[in-house]
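A closer look at the structure
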Amino acid sequence: MTRNRTNNSYAKKKTHHSSTLRPQRALFCLTLDNPVRRFCIRLVEWKPFDVIILFTIFANCVALAVYTPFPEQDSNDINTNLEKIEYAFLAIFTAEAVLKIIACGFLMHNGAYLRNAWNLLDFIIVLIGIISTILTDLNTSQSSTLDVKALRAFRVVRPLRLVSGVPSLQVVLNAILRAMVPLLHIALLVIFVIIIYAIIGLELFMGKLHSACYFTNSDGIREIEQVPRPCSNTTGYNCPTNYECLELWEGPNKGITNFDNIGLAMLTVFQCITMEGWTQIMYYINDSVSPSWPWIYFVSLILLGSFFVLNLILGVLSG
């Protein structure tokens, strides 16, 4: 009876450090009065322990930033030293995972290590690091041709461990994850607007961006204007003297910016919504069609697509 009370009191001890009570057993054999497990619990609940882990994560981020990849498996002294330091980082992260598994249990009961999504992320990162390190050592020792670059590339996700160590980052990321469904609805609205304006652009501007000014030299060879721009024989841009407007040009941006089909029209509309060079596209349309009315299409697109629809994303996140 006394022993059960001791276990229960120890299970409830320092609950302000833990979101759940400690399970009675961990790994099916370590009870709460086991000295090894007691030591692990005290260590993972020790505040400087979290500070040390965070400092290690920051140091690992700096090491990843300093590391310089070279082709053909070449390296330098800095990379060699960083590879040696990598073993220390891996050992610290592995020790952290083992301590938390002993303290909390692995999987089978409430409050277990892998029942927490952030711990699961940490465990996967550590496991990939161990596997890539083992394969790299085998590749070096046996002169194997096994390519482990793909696994080594997973080291770049280690900075994500900062999320599990900083509660404020967890709040922000959780808010973004909870907003994914409303953001999907906003994305559908954006796609709807893009499709509508792409169809309107097809009806109004199909094939209008392939006319340019050409000069025919004495050999009968047509040469395009030095700085090509769309032209028109009626109300748009008129070619200078000795030039004629011909539909021989591939179009702006090597033929990507146009309204000739629904795919490229959607791409052009999307570029306008991002407000990246939309005025230049409007000027191209003015040159090829008329300077009097195409601005209505583009200004309404910017007001509806960029200023209104895209800013709904900020409203969803703030809500």
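Residues numbered from 1 in each chain as written. Predicted model: local features only at pLDDT ≥ 70, side-chain atom pairs only at ≥ 80, totals over all residues. Heavy atoms only, no water.

Every α-helix carries 3.6 residues per turn, so stepping three or four residues along brings you back to the same face. In a regular helix each residue adds 1.5 Å, so 26 residues correspond to 38 Å; helix 9 (residues 180-205) covers 36 Å between its end C-alpha atoms and thus fits that length. Listing the buried residues of helix 9 in full gives Leu183, Ile186, Val190, Val193, Ile194, Tyr197, Ala198, Gly201, Leu202 and Phe205. Considering only its buried residues, helix 9 is in contact with helix 11 (262-273), helix 12 (278-288), helix 13 (294-309) and helix 14 (312-318). Once helix 9 finishes, Gly207 follows within two positions and takes phi at roughly 75°, a positive value. (Helix = DSSP H or I, 4+ residues; strand = E, 2+ residues; numbered from the N terminus. Expected span 1.5 Å × (residues − 1). Buried < 20%, exposed > 50% of the residue type's maximum accessible area, 1.4 Å probe, protein only. Contact = heavy atoms within 4.5 Å.)

Attention now goes to the packing of helix 2 (residues 35-44) against helix 4 (residues 77-104). For the pair helix 2 and helix 4, interaxial distance at closest approach is 8 Å and the crossing angle is 115°. Once helix 2 is placed against helix 4, the crossing between them reads as left-handed. Contacts from Arg37, Cys40, Ile41, Leu43 and Val44 in helix 2 reach Leu99, Lys100, Ile102 and Ala103 in helix 4. (Axes fitted to C-alpha atoms, helices over the stretch in contact; angles between N-to-C directions. Left-handed = near helix turned anticlockwise from the far one by under 90°.)

Structurally, Asp287 can be placed in helix 12. For Asp287, a relative accessible area of 14% gives the class buried. A polar side-chain atom of Asp287 sits 3.1 Å from a polar atom in the side chain of Arg229. (Polar contact = N/O pair within 3.5 Å; in protein donor to acceptor, adjacent residues only side chain to side chain.)

So, on to helix 3 (residues 47-66). When the terminal C-alpha atoms of helix 3 are compared, their 29 Å separation across 20 residues agrees well with the 28 Å that a helix rising 1.5 Å per residue should span. Inspection of helix 3 places Phe49, Ile53, Thr56, Ile57, Asn60 and Ala63 among the buried residues, and these make up the whole buried set. Along the long axis of helix 3, the arc covered by the buried residues comes to 120°, so they all point the same way. More than 90 degrees from the buried face of helix 3, the exposed residues found are Lys47, Val51, Phe55, Val62 and Ala65. (Arc of directions from axis to C-beta.)

Our focus in this paragraph is the confidence of the model for the protein. Averaged over every residue, the pLDDT of the protein is 82; the share at 70 or more is 87%. Residue range residues 1-20 is modelled with pLDDT below 50. Its contacts to residues more than four positions away, or to other chains, number 20 contacts. (pLDDT = per-residue confidence, 0-100.)

Another point: the nonpolar core. Of all hydrophobic cores here, the largest spans 25 residues; its most connected members are Phe259, Val269, Ile285, Tyr297 and Phe298. Secondary-structure elements contributing two or more residues to this core are helix 9, helix 11, helix 12 and helix 13. Of the residues forming this core, the biggest block, eight residues, is contributed by helix 9. If near-sequence neighbours (up to four positions away) are discounted, Phe298 is found in contact with Cys272, Trp278, Ile281, Met282 and Ile285. If you look at the next biggest cluster of nonpolar residues, it comprises 19 residues, including Ile57, Leu82, Ala103 and Cys104. (Core = buried A, V, L, I, M, F, W, Y, C linked by side-chain atoms within 4.5 Å.)

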